[in-house]
Amino acid sequence: MANEFAKFKNSSRGHKTEVAIARQLKIAKAHGNTSDIKQPHRLAKRHAMDCGNPACYLCGNPRKTHKDRLTAQEKKIFQDLDSLNHHHSNGNNNENYSQ
């Protein structure tokens, strides 16, 4: 490495990968998924609970696997378009406040 900054960036990249693998290994062990434990570096760029089957109800595209053809985000947007409710994070309405 040419300088200390490059050394630090390289080591932090490696550390980030190791932490991600350890986190996914912990999830795999908790759910009894032993195939991922044999090759732990596979978990560097994929989740332990992702089966990889595009037709799976949990892992697949909701527009193709579900009957309603809407994602959870789209359902949330379209559920109540008639009344506009602006809420603060504490649950109070904005009717008392001027914008």
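Residues numbered from 1 in each chain as written. Predicted model: local features only at pLDDT ≥ 70, side-chain atom pairs only at ≥ 80, totals over all residues. Heavy atoms only, no water.

A. Structural view of the overall build of the protein chain. The number of helices and strands found in the protein chain is four helices and zero strands. Listing the helices and strands of the protein chain from first to last along the sequence gives α-α-α-α. Buried residues in the protein chain amount to 12% of all 99 residues. Considering only intrachain contacts with a sequence separation of at least 6, the fraction spanning at least 24 residues in the protein chain is 6%. (Helix = DSSP H or I, 4+ residues; strand = E, 2+ residues; numbered from the N terminus. Buried < 20%, exposed > 50% of the residue type's maximum accessible area, 1.4 Å probe, protein only. Contact = heavy atoms within 4.5 Å.)

B. Representation of a nonpolar patch on the surface in the model. Nonpolar side chains collect at one region of the surface, where L70, I77 and F78 lie side by side and expose about 290 Å² of accessible area between them. Summarising the element assignment, F78 is placed in helix α4 (residues 72–78). (Patch = residues over 30% accessible without salt bridge, like charges linked within 9 Å, V, L, I, M, F, W, Y side chains within 5 Å. Areas by Shrake-Rupley, 256 points an atom, 1.4 Å probe, with all protein chains shown as cover. Salt bridge = Lys/Arg side-chain N within 4 Å of Asp/Glu carboxyl O.)

C. Inspection of the confidence of the model for the protein chain at higher detail. Of the residues in the protein chain, 79% have a pLDDT of 70 or more, and the chain-wide mean is 79. Mean pLDDT in the protein chain bottoms out at helix α3 (residues 62–65), which sits at 77, and peaks at helix α1 (residues 4–31), which reaches 92. (pLDDT = per-residue confidence, 0-100.)

D. The side chain of Q24, seen in detail. Within the fold, Q24 resides in helix α1. Judged by relative accessible area, which is 11%, Q24 ranks as buried. Apart from residues no more than four positions distant in its own chain, Q24 is found in contact with L43, R46, H47 and A48.

E. How the structure looks around the environment of M49. Relative to the elements of secondary structure, M49 occurs in the loop between α2 (35–38) and α3. Through-space distance from the C-alpha of M49 to that of C59 is 8.8 Å; in sequence the pair is 10 residues apart.

F. Representation of the environment of T65. By secondary structure assignment, the location of T65 is in helix α3. The partly exposed category is assigned to T65, whose relative accessible area is 23%. The spatial distance from the C-alpha of T65 to the C-alpha of P54 is 8.5 Å, given a sequence separation of 11 residues. Sequence-distant contacts of T65, defined by excluding residues within four places in its chain, comprise P54, A55, C56, Y57 and G60.

G. Quick peek at the environment of R46. With respect to the helices and strands, the residue R46 is situated in the loop between α2 and α3. Overall, the relative accessible area of 28% leaves R46 in the partly exposed class. A C-alpha to C-alpha distance of 9.6 Å links R46 and A20, two positions 26 residues apart in sequence. Excluding its chain neighbours within four sequence positions, the residues that come into contact with R46 are Q24 and D36.

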